Amino acid sequence: MSRRNRKRRATGRRKKQEVAGRPAVNRNIQRLLQASECQAGLQRDKAMESVSFPPQSSIAICGGTHGNEMTGVYLVREMQKHKVDKIGSVSISTVLSNPRAVDVCRRYTETDLNRCFTDALLSSPITDSTPYEVRRAQELNAQLGPKGSEKAVDMLIDLHNTTANMGLCLIFYTADYLPLQIFKYIQNKMSSVPVRAMQLDIPLSDAYSLDSLGKHSFSIEVGPQPNGVLRADIFNIVKEAVDHTIAWLQEFNSGSTFEAGEVEAFTVVKSVDYPRDPVTGEISAAIHPQLQDNDFKLLKPGDPIFLSFTGETVKHEGEELYPLFVNECAYYEKKIAFHLAQKRTFKLPSIHMKKD
Amino acid sequence: MEVDEVMCLPRLPRVAVCGGTHGNELSGVYLVREMLKVEKKVVEEEEEPVLVMIVLSNPRATQQCHRYVDTDLNRCFTHATLNGPMSDTDPYEIVRSQELNTLLGPKGSRQAVDLVCDLHNTTANMGMCLITYSDCDWICLHIFRHLQKEIPDIPMRFIHFDVSNKESYSLDSVGKHGFAMEIGPQPHGVVRSNIYTAMKDGVQHMLDWVRLFNSGTMFKGGFVDVFTMVKHIDYPRDSVTHNITAAIHPHLQDRDFCLLHPEDPLFQTFSGETLRYKGKEPLYPFFINECAYYEKGIALSLARKRRVMVPSIRVETEQEQQANDHEYSSEEEN
């Protein structure tokens, strides 16, 4: 791309995002890179022509972070049964994150494990009344972290399912080039299912999920699958995505360069709750049939979003955004009917392994 | 019986609509809650009003959004369990089943409600199913025919579990007539608008039918395809951990009521191997990959299909009813 066009595109994007009260993408990436430079020790070429990272030699694959999301449970169990601990240059820890919740096939026993990884909760003192999942989070932090330190695993991949029709979705905290390149790789390799990326715009200290323990991490979220149910087609998709990730890491560690490019990702900007009865707090409507199963399809003002139990339609008001996690079972109690996201383009430099 | 003979059956003055028998099957939970909000007034113009009892069967499980608290409520309605001695340490659902038996039964007695419609959801792709213990309960079969006619865009099937009245275990067995209305696919803990609407329409048409029946309408007979449960198949399991070692095969998943032939794929192991159906007889699968059945050791159920000839029916006139009552009393005296 010519320098003039690059500048034009960057200016356009900056204008759009400044209208929304957000920093320009380039400055955001710069800030994030500076933060992660301390952790990852990467070298950055000023023209962003190629970025190097250390070898990715230790990874963790986690399942059962929510005990009723069955694909991860069975994939991790299967890997443990076959004693998978090293594939080529990559040593692999397989972890059943929440064994107690897995035993009872519930999302959690006392509190959502996947909200227990903030800096505050990881360093909170343990007492008799500390919920099981807070304690377990600290155990996992000791095993796979500590979060933010040099000792943490290079990459942590956390496996999840959703009742929403999200296909295969990779979820990241930061615009980290490594997982974004893996996302691009998986997207090119897998044509049987839509592959998308979701970004949560949260600083590392506030990052609350298990995958924030690793140096470069992401969650693999696949749906639709009911909680407590194992579907073969979903299992095959997740297995394939994990296999591609490991293959990518092998290639990376053997010195391959992964070319520059662009990817689209969805950044969550807000959530919408169900209409509720003011007295009982119970939901009074369901996701409208025209929105149900239409994750990632642009929602415009006037589009129906809820159909009440008495037959009234509620419509979307506000800007055009992309709905995600539409009708996720576990989010009823979190008061989320769906998230709304902006679609952004991330420019990726080429990346390669740093040689000592 | 002659094909144009009309069978006369007693009126159905009391109908119970029950939801939340499993606390995480949400269409029934929300439908019952909505129906409870609307005050039930006896409309004076209505010639044959029906007393409709709306019941949230398992309030504790509903509040927790779990299938059950201690034990599956919908297995607690055998005569043995209902008439067993009560103790302080009884599981919640055993106590609750006896309460429901007092409210809607007693099961097997003249005081029992005339019809129980118990609302359920399944994670299996079953469309709408009416599930009963009898393949010759003409009331249930006519309701089924009526629903088929009134809601033509939903696949609808009639399932029969060949279980004697003594062994029948579910809530719908408490009424003189009863059936479960099972609709899927819907994940547990989720309410899907299309499934909720289907259930709402199903219940409304069912109540309309009862009113029409009670007011003397003659319902013409015809054929119904009945699926009679033959057996269940469990997942292959690890002999030590008892964990499942395969999932329903992708070619079978979501294909409820599509005939399964010997050697058709049944399961796919985690290493990708296909396990095939080894039965000798082609049968119809249903409840394929129902979430709640993993713990019951059921991956899918299998049924035979046969055509049942349903006679035309109408409600008994008062004279016919009195004659029958007299006959009943004489039998009792003898």
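Small disclaimer: the values here were computed from a predicted structure and weren't measured. (Residues numbered from 1 in each chain as written. Chains lettered and ligands numbered in written order. Predicted model: local features only at pLDDT ≥ 70, side-chain atom pairs only at ≥ 80, totals over all residues. Heavy atoms only, no water.)

A. Examining the confidence of the model for chain B more closely. Here chain B shows a mean pLDDT of 94. Residues at 70 or above account for 94%. Reported confidence for the predicted complex is 0.94 by ipTM and 0.91 by pTM. (pLDDT = per-residue confidence, 0-100.)

B. Main features of the interface of chain B and chain A. Taken together, the contacts link 31 residues of chain B with 31 residues of chain A. In this assembly, chain B packs against chain A so that about 2600 Å² is buried in total across both faces, 56% of it on carbon and sulfur atoms. Looking at the side of chain B facing chain A, the largest losses of area belong to Tyr30(B), Ser193(B) and Phe270(B), adding up to 22% of the total buried there. Scanning the region where chain B abuts chain A turns up four salt bridges. Two residues, Asp277(A) and Lys37(B), come together in a salt bridge whose shortest N-O distance is 3.8 Å. Linking chain B to chain A there are 13 residue pairs in polar contact (both at pLDDT 80 or more). At the level of elements, helix 1 (26–37), helix 6 (193–214) and strand 9 (246–248) of chain B are the ones that each hand at least two residues to the side of chain B that touches chain A. The leading source of residues in the side of chain B that touches chain A is helix 1 of chain B, at five residues. Residues that form the side of chain B that touches chain A fall into these classes: 13 nonpolar, 11 polar and seven charged. (Contact = heavy atoms within 4.5 Å. Buried area = accessible area lost by both parts, 1.4 Å probe. Salt bridge = Lys/Arg side-chain N within 4 Å of Asp/Glu carboxyl O. Polar contact = N/O pair within 3.5 Å; in protein donor to acceptor, adjacent residues only side chain to side chain. Helix = DSSP H or I, 4+ residues; strand = E, 2+ residues; numbered from the N terminus. Nonpolar A, V, L, I, M, F, W, Y, C, P; charged D, E, K, R; others polar.)

C. Here's a closer look at the sheet that holds strand 11 (residues 285–287) of chain A. Residue and element names in this part refer to chain A. The strand order across the open sheet formed by three strands is 11-12-13, and the pairing between neighbours is antiparallel. In the strand order of this sheet, the two ends are held by strand 11 and strand 13 (313–315), each with one partner. Mean inter-strand twist for the sheet, computed between neighbouring axes without regard to direction, equals 30°. Bridge count for strand 12 (residues 304–308) against strand 13 is three bridges, and the pairing is antiparallel. By the bridge assignment for strand 13, Pro 304 is matched with Lys 315. (Pairing = 2+ DSSP bridges. Axes fitted to C-alpha atoms, helices over the stretch in contact; angles between N-to-C directions.)

D. Region of interest: the confidence of the model for chain A. Residues and elements named next belong to chain A. Chain-level pLDDT for chain A is 89 on average; 87% of the residues reach the 70-or-more range. Counted against residues more than four places away or in other chains, residues 3–32, with its pLDDT under 50, gives 29 contacts. Confidence over residues 37–47 falls short of pLDDT 50; this stretch has 17 contacts with residues more than four positions distant or in other chains.

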